[in-house]
Structures are given as C-alpha cells and as structure tokens.
Amino acid sequence: MDLSCTPEEEEFRARLREWLAAVLPGLPDRPRPEDWPGRRAYDTAWQRMLYDAGYAGLHWPVDAGGRGATPTQHLIFLEETEKAGAPYVGANFVGLLHAGPTIAAEGTAGQRARWLPPVLRGDEIWCQGFSEPEAGSDLAALRTRAVRDGDHYVVSGQKIWTSHAEVADWCELLVRTDPAAPRHRGISWLAMRMGAPGVTVRPLRTLAGSTEFAEMFLDEVRVPVSHRVGAENDGWRVTMVTLSFERGTAFVGEVVACRRTLAALAAEARANGRWDDPVLRRTLGRLNAEFRALWRLTQWNVGEAQRSGGVPGTGGSVFKLRYSQARQELYDTAAEVLGADGADLDREWVLDRLTSLSYTIAAGTSQIQQNIVAERILGLPKGR
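My aim in this report is to walk through the structure given alongside it, one point at a time.

Conventions used here
- Residues numbered from 1 in each chain as written.
- Predicted model: local features only at pLDDT ≥ 70, side-chain atom pairs only at ≥ 80, totals over all residues.
- Heavy atoms only, no water.
- Helix = DSSP H or I, 4+ residues; strand = E, 2+ residues; numbered from the N terminus.
- Buried < 20%, exposed > 50% of the residue type's maximum accessible area, 1.4 Å probe, protein only.
- Contact = heavy atoms within 4.5 Å.
- Areas by Shrake-Rupley, 256 points an atom, 1.4 Å probe, with all protein chains shown as cover.
- Polar contact = N/O pair within 3.5 Å; in protein donor to acceptor, adjacent residues only side chain to side chain.
- Expected span 1.5 Å × (residues − 1).
- Phe/Tyr/Trp six-rings, centres within 6.5 Å; stacked < 30°, edge-to-face > 60°.
- Lys NZ or Arg CZ within 6 Å of the ring centre and 35° of its normal.
- Salt bridge = Lys/Arg side-chain N within 4 Å of Asp/Glu carboxyl O.

With that out of the way, let us pick up the overall build of the chain. Assigned secondary structure in the chain consists of 11 helices and eight strands. In the chain, which comprises 384 residues, the proportion classed as buried is 49%. The long-range share in the chain, meaning contacts at least 24 apart out of those at least 6 apart in sequence, stands at 73%. Only carbon and sulfur atoms are counted for the fraction: they give 51% of the accessible area of the chain, which is about 17,700 Å².

As structure tokens, this is what we get:
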C-alpha cells in the first residue's frame, strides 16, 4: 500500500484547505442537538456548498454524479475537513454513506438519475428502515411484509432505530416479499417515500437526549415496484452491499475526529495536572497508537474498495470491531481527564461519551462483526 501523495494530490489538498479557510468563518452557528428541523437545514445547506464547490460525492463514480476521485483524494478530503472543524454529513448520513452508494452500485440508470443528484445537492434526506423490534442483530428475521399488487407493493409492519426518520424524505427499507422462502432469500430492498399514506413516525429519545432514531409503523403503504433496488427477493445481497459501506467507509471521518479529541484530551490533562499520572499518560499513548493504526486500516479498506469496484469488503468488519471499542475507551479516558467537569452535559465531550456507548451495537453488534471476521476472513466453521 503506497501511503505517499502525488504532486496532484498535494495540489488537491492545498486547494481544499484554501476553500475551507474561505468558507468556514461565514457559516452560521450550529443548531442545538435537539433541533432536528434546524439541523436538517444546516446540514443540507453545507451539502449544497460542497456540491457547488465540486466536493460532493468526491469518490463516487462519475456516472453516479461523483468526481471519481482517487482513494487518497477521498481520504485527504475527510482528513482536511475534519481538521478544519467543518460540518460532518449529519442528517445526510444515510443518503450519502448508505443509500446513495448502494443505489450507485446496484440501481438502474433511471434510479441513479432520480435519487443520486438530490442526495449530492442536499435536496433530499434518507433514513434507514432495517431493524425491527424482533430483528436487530438477526436482521434476516425481519417480518415487515410487502405484498405485490400490480405495479405496487403493499407494505405493513414496524421498524425501529430508524435513523433520521423525522426529517427524512426517503427510506431505504427492507421488506419480506416471499414469506415461504428461506429467511435470507425472501427479502427485497425498497426506496419508500416517507410522506406516503400509512407511514407513522414516533421519535425515540436517546441517552444523550437526541431523537436521531425513531420507531416507524407501516400500515398498507403503497410503494411502486419501480422503487425496488435489485431483483425481487435479492434484497439480502443488496443489503450486504449497504452494510459494507456502513461498516467499511462510513466511519472514516470519525477516526480523524477521535485523533483530534485525543490531542485535546492530552492538552487538557497537561492544563489540569492529570498529566503527572503515568498510568494516564500510558493510556493516552496507547490510544494514540490505536487510532493511528485505525487510520492506516482505513486507508487500506478504501484502497481495497476502489480495486473491487467501489464496494468495501469484509475488512470493514475488522475496522468496525476495533474502532467501536477504541472509541469507547477514548471517552472513558476523557471522563478520567475531565473529572468532575465530566458531569456537565453542555460539554461536547460528555455527549460524545454517551453516544460512544452505542457504537458496539450500531451498524451490527460487535458479536456480529466477530462472527463475520471468524467465518469470512479466517475461514472458521459457523457456530452451532
């Protein structure tokens, strides 16, 4: 793996830094975490700025509306925007990092033309309708039904942990289209309009006080058959494409954020006297090594995705498994560094610590990732 940058890539970095320095000071204040309409407006406005400047979908294929940038350019973009404190994708997360790449890889020409440009411009927000009350880690146990009625599916069921549902325009939805088929073979991947009759959204409040998740009830919602991505009953394979993006490349910007947080923690420890503790210094040093290694693994995974046609492989599970644990250890250490100040909920680090608790569950539990690594990478037999 060549980690050096070409002169062209360094020129790209310089132009990006110049653009960020020019536009970031003019951004409005970020809305509070609980203000989801405000957060949607803020995040989509930033996405439009990226689009107008030519940075939206940087690594997407050209025929999907992207710039077809190299993996190194993609990583430079993530690194420089995070270092500069630029907004993250926010409410655009599912569309930009899950649904959009899936449609780019699996959708028809018409589907790509319909859904990808609004995602890149920030015109439309997507949410993820995968998990159900009795089908979380065991996603193949989902029971939401889609019955074919002419040119439509009639969908009924319940979803939970539906990310960004209350501000979304579209939902990447998994449904069971053949209840008689084996569990993994009777599932289809649909794009459902959130404003369709029969869709009810009830926000769920997290430990951190946010309502970024919701439960969603579907009562005979009509979804056009033309909104199915992939063949009928081939949704499990399409879903694996989605999850490979979710586990393989969707978290890469957060590695840079964790490294920045780690540097800030070290500075805080020096300022408040906790730096004198050799155990704490050793912990910070180990975490520094962890996140440097995770960044190198990120580079490798992105390079592998490029060589395989843009779809990340099972190496994403290795990354997700270790990153989830390292992030929790980082914010446990933050609590030690901050001491009593760590109880102030207005401090960004405190909210990040509460959020970190979900990372060993989100995008597939750590137990699921361990199974994937054991079976698909190490070649071990499936557990009984």
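Within the secondary structure layout, Ser-188 lies in strand 5 (residues 187-193). Spatially, the C-alpha atoms of Ser-188 and Asp-234 are 5.8 Å apart, while their sequence positions differ by 46 residues. Sequence-distant contacts of Ser-188, that is, excluding residues within four places in its chain, are made with Leu-173, Leu-174, Val-175, Thr-177, Arg-228, Ala-231, Glu-232, Asn-233 and Gly-235. A polar atom in the side chain of Ser-188 sits 2.8 Å from the side chain of Thr-177.

Spanning 13 residues, helix 3 (residues 71-83) covers 18 Å between terminal C-alpha atoms, matching the ideal 18 Å at 1.5 Å per step. Counting buried residues along helix 3, 11 of its 13 residues qualify, which places the element largely inside the surrounding structure. Restricting attention to buried positions, one finds in helix 3 the residues Pro-71, Gln-73, His-74, Leu-75, Ile-76, Phe-77, Leu-78, Glu-79, Glu-80, Thr-81 and Glu-82. Immediately downstream of helix 3, the backbone of Gly-85 shows phi near 75 degrees, a positive value.

Counting across every chain of the model gives nine aromatic pairs. The interplanar angle of 85 degrees and the centroid separation of 6.0 Å between the aromatic rings of Trp-115 and Trp-126 together place this pair among those described as edge-to-face. In this pair, Trp-115 is assigned in helix 5 (residues 109-121) and Trp-126 in strand 1 (residues 126-129), connecting sequence segments 11 residues apart. Among the residues examined, Trp-115 registers a relative accessible area of 2% and is labelled buried. Looking at Trp-126, the relative accessible area reads 1%, which means it is buried. The rings of Phe-12, Trp-19, Trp-46, Tyr-55 and Phe-77 are connected pair by pair, giving a single aromatic cluster. Above the plane of the ring of Tyr-153 lies Arg-148, whose end atom (NZ or CZ) is 5.7 Å from the centre. Sitting over the face of the ring of Trp-275, Arg-270 holds its NZ or CZ atom 4.1 Å from the ring centroid.

Evaluated as defined, the whole model comprises 19 salt bridges. Residue Arg-13 is joined to Glu-80 by a salt bridge in which the shortest nitrogen-to-oxygen separation is 2.6 Å. A residue pair is termed long-range when its members are at least 10 positions apart, and Arg-13 in helix 1 (residues 7-23) and Glu-80 in helix 3 qualify at 67 residues. The same class applies to Arg-13 and to Glu-80, which are both buried. For Arg-286, the salt bridge identified is with Glu-329, shortest N-O distance 3.2 Å. Here Glu-329 lies in helix 9 (residues 315-338) and Arg-286 lies in helix 8 (residues 278-307), a separation of 43 residues in the sequence. For Arg-286, a relative accessible area of 39% translates into the label partly exposed. Put simply, Glu-10, Arg-13, Arg-17, Glu-79, Glu-80 and Lys-83 are held in one network by salt bridges that share partners.

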